[in-house]
Amino acid sequence: MSSGTVGIDRHADEAADLQSFYDVRRSYEDNYREGPFGAFAEFSAAHPEEAVENTVETPYEFLGQHLRTPFGIPAGPLLNSAFTDAAFDMGFDICVYKTVRSRAWECNPFPNVLAVHPKSSDGFLEPGGLESEEGVLADDRYERPISISNSFGVPSRDPDVWQPDMQRAMSHAGIGQLLIGSFQGSRVSGMDTMRYIQDHVDTASLLAETGVKVIEMNTSCPNEGKHRLLCDDPALVGRICEAVKNRIGDIPLIVKLAYIPDDRFLDRLVEATVAHGVVQGLATINTISARLVDSQGRQALPGEGRDRSGVCGNAIRPSGLDMVARLDAMRSRRDLDFSIVGVGGVLDAEDFAEYRRAGSDAVMSATGAMWDPMLGRRVANALGR
Ligand SMILES: Cc1cc2nc3c(=O)[nH]c(=O)nc-3n(C[C@H](O)[C@H](O)[C@H](O)COP(=O)(O)O)c2cc1C
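Predicted model, so just to flag it, every value in this text is computed and none were measured.

Conventions adopted
- Residues numbered from 1 in each chain as written.
- Predicted model: local features only at pLDDT ≥ 70, side-chain atom pairs only at ≥ 80, totals over all residues.
- Heavy atoms only, no water.
- Near = heavy atom within 4 Å.
- Polar contact = N/O pair within 3.5 Å; in protein donor to acceptor, adjacent residues only side chain to side chain.
- Areas by Shrake-Rupley, 256 points an atom, 1.4 Å probe, with all protein chains shown as cover.
- Helix = DSSP H or I, 4+ residues; strand = E, 2+ residues; numbered from the N terminus.
- Pairing = 2+ DSSP bridges.
- Axes fitted to C-alpha atoms, helices over the stretch in contact; angles between N-to-C directions.
- Contact = heavy atoms within 4.5 Å.
- Left-handed = near helix turned anticlockwise from the far one by under 90°.
- Nonpolar A, V, L, I, M, F, W, Y, C, P; charged D, E, K, R; others polar.
- Buried < 20%, exposed > 50% of the residue type's maximum accessible area, 1.4 Å probe, protein only.
- Salt bridge = Lys/Arg side-chain N within 4 Å of Asp/Glu carboxyl O.

Draft legend 1. Fine view of the site of the ligand. Taken together, 22 residues sit near the ligand, with A75, T99, G313, G345 and T367 positioned nearest. Contact between the ligand and K256: an oxygen atom at 2.9 Å from a side-chain N or O atom of the residue. Contact distances for the ligand include 2.8 Å between an oxygen atom and a backbone N or O atom of G313. A total of 610 Å² of accessible area belongs to the ligand in isolation, and the protein chains cover 97% of it. Contributions of two or more residues to the shell around the ligand are made by β4 (94-100), β7 (147-150), β13 (308-313) and α12 (367-370).

As structure tokens, then:
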């Protein structure tokens, strides 16, 4: 794995108030109804006239859209249009509306986020390494450079709620800004493969009805039951993508992938998705699974099936960069035309630049942006915007 060159020192900047726009000390429902919080909400409310002006240049092209910057927030932290409005105002030019489903879906019990402290001096976590298997310390001490674990279970409102809200979210995007709709299939008990595929098609269809310009399909959360990911099955991913693309027509389709260590396996996923033009982009990575323990070595998140959870933020940046670089190499070697969205541990403008150098067409930050509402502006400044 190519390692990230950025370590603890550059990110251990002045001890800013570590308040996230998604308040990890409140329930998901409270966040949905009352969020966003902290400077993210305050700035946008107090300085509406300073919200990113719409007279800016849009020199970046991404999946047919002209963008002010190729930077934004991936699926997850932007729960609804109140969050995406604030994110657009704060200069995050690509906002992914939180992953939705074909039906209402409950959130995992509180707490849903913990701070994570890998032992290595740079704070990085090796996927499948000893620490991920034996236990990484997780608690409520949030510090820079920030790494967290999130355990939500991909909750969703009913389509009757998220469809009009997604339309509201889109209407707030300025020139050079893009709202992406993310979805995933829902495997419920007794559902056979055909009905599971159909659930993806139906949900993509509901998204297409909103008029959203780009659709992302998440194959990298445990949508297949406990700890099982859809992207572990490239043949099924291929069947689903084909069925979804048949339904959504010209709307560009992105597939969100987990970290995949094996090149041959990754090649099979490339073959099943972007190689034949069914899929136009790959977004990667999602969180990296690890066993979470408290300071006594006990399971950190309460409840059955929550011994392992997904780690994101600083800890996973080398893995994200590694996936992007390997996908970029495959793209060149096979002479393929698709977009790469680099995600994982982007905490500042230099991380953004590193992902661009690795081959990302667009870059996104979830954990970094949650704890740094000015990150969009910093990236824009670094690009001279
Ligand atoms: C609070 C939170 C919720 C998330 N929910 C989703 C989700 O619903 N769908 C999805 O595809 N990824 C989800 N993710 C994963 C992120 O999109 C991203 O892939 C991952 O966090 C790595 O990026 P980061 O290191 O910048 O956080 C979530 C991440 C966070 C922090």
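Structure shown, so let's carry the discussion forward.
Draft legend 2. Quick look at the sheet that holds strand β15 (residues 362-364). Around the barrel, which closes on itself, the eight strands sit in the order β3-β4-β8-β9-β10-β11-β14-β15 with parallel pairing between neighbours. On average, each strand axis in the sheet is inclined to that of its neighbour by 25°, with strand direction left out of account. Pairing geometry for strand β9 (residues 214-218) and strand β10 (residues 253-257), over four bridges, is parallel. Considered in β10, the bridge of I215 is made with L253. Most of the contacts of helix α10 (residues 317-333) go to strand β14 (residues 339-343), to which it runs at about 170°, and overall it touches β10, β11 (281-284) and β14.

Draft legend 3. Seen up close, the packing of helix α7 (residues 193-210) against helix α8 (residues 234-248). At a closest axis distance of 9 Å, the pairing of α7 and α8 adopts a crossing angle of 35°. Pair α7 / α8 crosses with right-handed handedness. For the pair α7 and α8, the contacting residues are T193, M194, Y196, I197, H200, V201, A204, S205 and A208 in the first and L236, R239, I240, A243, V244, R247 and I248 in the second. For the contact of α7 with α8, the class distribution of residues is 11 nonpolar, three polar and two charged.

Draft legend 4. Structural context of the side chain of T203. By secondary structure assignment, the location of T203 is in helix α7. On the basis of relative accessible area, T203 is assigned to the buried category, the value being 0%. Of the polar contacts made by the side chain of T203, one reaches the backbone oxygen of D199; its length is 2.6 Å. In contact with T203, not counting residues within four places along its chain, are V100, R101, S102, W162, F183 and Q184.

Draft legend 5. Quick peek at the pattern of salt bridges. On inspection of all chains with the given rule, the structure shows 22 salt bridges. Here R334 ties to E271 by a salt bridge, and the two come within 2.3 Å at their closest N and O atoms. Of the two residues, R334 is situated in the loop between α10 and β14 and E271 in helix α9 (residues 263-273); the sequence distance between them amounts to 63 residues. On the accessibility criterion, R334 (28% relative accessible area) is partly exposed. On the basis of relative accessibility, which here comes to 32%, the residue E271 falls in the partly exposed class. Two residues, D322 and R326, come together in a salt bridge whose shortest N-O distance is 3.1 Å. Note that D322 and R326 are positioned in helix α10 at a spacing of four residues, about one turn of the helix. With relative accessibility at 8%, the residue D322 sits in the buried group. Judged by its relative accessible area of 14%, R326 falls in the buried class.

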